[in-house]
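Each chain, written out:
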Amino acid sequence: MSFSYLKFDPPGKDIPSQGYSSDFVSKAMARLVKPIDPDDSEQYPADLTIICGSLKVEAHSHVLCQDSSYFKVVCKGGFLEEQTQKLELPAEEEFLIRRLLCYRSTTGYNDESYDDEKDPPPHIVAPTYVNRLYLNAQMYSTADKYDIPSLKQKAAEKFDAAIREIHAHEMMNPYVGVSLVDEIVEAIPHIYDSTPDGDRRLRDRAAQVAICKRRDFENHPCLQDLMTAVPEFLKDIRV
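Residues numbered from 1 in each chain as written. Predicted model: local features only at pLDDT ≥ 70, side-chain atom pairs only at ≥ 80, totals over all residues. Heavy atoms only, no water.

Per an unreviewed UniProt entry, the protein chain carries the name BTB domain-containing protein and comes from Letharia lupina.

The structure is reproduced here in structure tokens:
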């Protein structure tokens, strides 16, 4: 087989093709044409600094903009952030933004009961215990705010998974660990405050928990405060 019609032009030198095997030509091509790897910092360096509270991290804008019209507009829409290559997000969202960035890199985030911040900065008081339902509800609304549908779906799935796991643990160890009703009661105000009436995903799941655990729910010490704060929820659990 002849490869006389092929010519490779590396800087300053030609690789003659005539008389060389196809294997040699393939290897030469592989050396000359290196695939673009967006995650390779040498080929595709980070082009955006994200600042959020004590968090300051270098990021790839093309990763951040995936399926997010918000970040596409901010990072690629001719705004100041595109020129300065700096994006400042609300400091009070740091706990959530860390997880958003983790999701952008790994398609997952931590929602374990205990916070993953081993050594939080002195001015950041990281909670010792994290309500998984509340956290996933917060991630759901954060995904909605920054228009990341895939993260919103992930948060909803983790919300459902947390309900199942807490319920299973409660059935096996009824007097040990967290109470599903306690967890959902704390999460309900945020769920209703952060989602429009037409977004029923988390609202319906919260109502299902309250109905299934009606006796515990009706005897909960915070029930009256909850009904005063979220009257819409009372309508959702009337059957």
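J.: I'm lost on the nonpolar core in this one. Help?
T.: Generally speaking, soluble globular proteins have nonpolar side chains that are buried together. Core analysis: the largest hydrophobic core is formed by 54 residues, its most contacted members being Leu64, Leu100, Leu133, Ile188, Phe217 and Phe233. For this core, the element with the most residues is helix H8 (residues 180-194), which contributes 8 residues. In this structure Leu100 touches Leu64, Phe71, Met139, Thr142, Tyr146, Ile148 and Leu151, once residues within four positions along its chain are discounted. (Core = buried A, V, L, I, M, F, W, Y, C linked by side-chain atoms within 4.5 Å. Buried < 20%, exposed > 50% of the residue type's maximum accessible area, 1.4 Å probe, protein only. Helix = DSSP H or I, 4+ residues; strand = E, 2+ residues; numbered from the N terminus. Contact = heavy atoms within 4.5 Å.)

J.: Please explain the sheet that holds strand S1 (residues 48-52) as it appears in this structure.
T.: Strand pairing in a sheet is mediated by backbone hydrogen bonds. Such pairs are either parallel or antiparallel. Strand order in this open sheet of 3 strands is S2-S1-S3, and the pairing throughout is mixed. Each of the sheet's edge strands pairs with one partner strand only, and the pair in question is strand S2 (55-59) and strand S3 (86-88). If you compare each strand with its neighbour and ignore which way they point, the axes differ by 20 degrees on average. Pairing of S1 with S2 involves 5 bridges; the strand directions are antiparallel. Pairing of Ile51 across the sheet is with Lys56, part of S2. Strands in contact with helix H5 (residues 94-106) are S1 and S2; relative to S2, the strand with the most contacts, it is inclined by about 20 degrees. (Pairing = 2+ DSSP bridges. Axes fitted to C-alpha atoms, helices over the stretch in contact; angles between N-to-C directions.)

J.: Looking at this model, I keep getting lost on the packing of H8 against helix H9 (residues 201-212). Mind explaining?
T.: When two helices pack together, their arrangement is captured by the angle between the axes and the distance separating the axes. Axis separation between H8 and H9 bottoms out at 10 Å; the angle between their running directions is 150 degrees. Viewed along their axes, H8 and H9 adopt a mutual orientation that is roughly antiparallel. Read as a crossing pair, H8 and H9 show a hand that is left-handed. Along the contact surface, H8 presents Leu180, Ile184, Ile188, Ile191 and Tyr192, while H9 presents Leu202, Arg203, Ala206 and Val209. Residues belonging to the contact of H8 with H9 are distributed by class as follows: 8 nonpolar, no polar and 1 charged. (Parallel < 35°, antiparallel > 145°, perpendicular 65-115°, else oblique. Left-handed = near helix turned anticlockwise from the far one by under 90°. Nonpolar A, V, L, I, M, F, W, Y, C, P; charged D, E, K, R; others polar.)

J.: I keep staring at the environment of Leu151 and nothing clicks. Help me out?
T.: Note that Leu151 resides in helix H7 (residues 149-172). Distance from Leu151 to Tyr140, taken between C-alpha atoms, is 7.3 Å for residues 11 residues apart in sequence. With residues up to four places along the chain from it excluded, the contact list for Leu151 reads Leu100, Tyr103, Tyr109, Met139 and Ala143.

J.: I'm lost on the packing of aromatic side chains in this one. Help?
T.: Geometrically, a pair of aromatic rings is defined through the distance of the ring centres and the angle of the planes. Summed over the entire model, instances satisfying the criterion amount to 5 aromatic pairs. On the numbers, 5.2 Å between centres and 90 degrees between planes, the contact of Tyr70 with Phe71 is edge-to-face. Centre to centre, the rings of Tyr70 and Tyr146 are 4.9 Å apart; their planes meet at 80 degrees, and the pair counts as edge-to-face. Placement of Tyr70 in helix H3 (residues 69-76) and of Tyr146 in the loop between helix H6 (132-145) and H7 is noted, with a sequence separation of 76 residues between them. Classification of Tyr146 as buried rests on a relative accessible area of 1%. (Phe/Tyr/Trp six-rings, centres within 6.5 Å; stacked < 30°, edge-to-face > 60°.)

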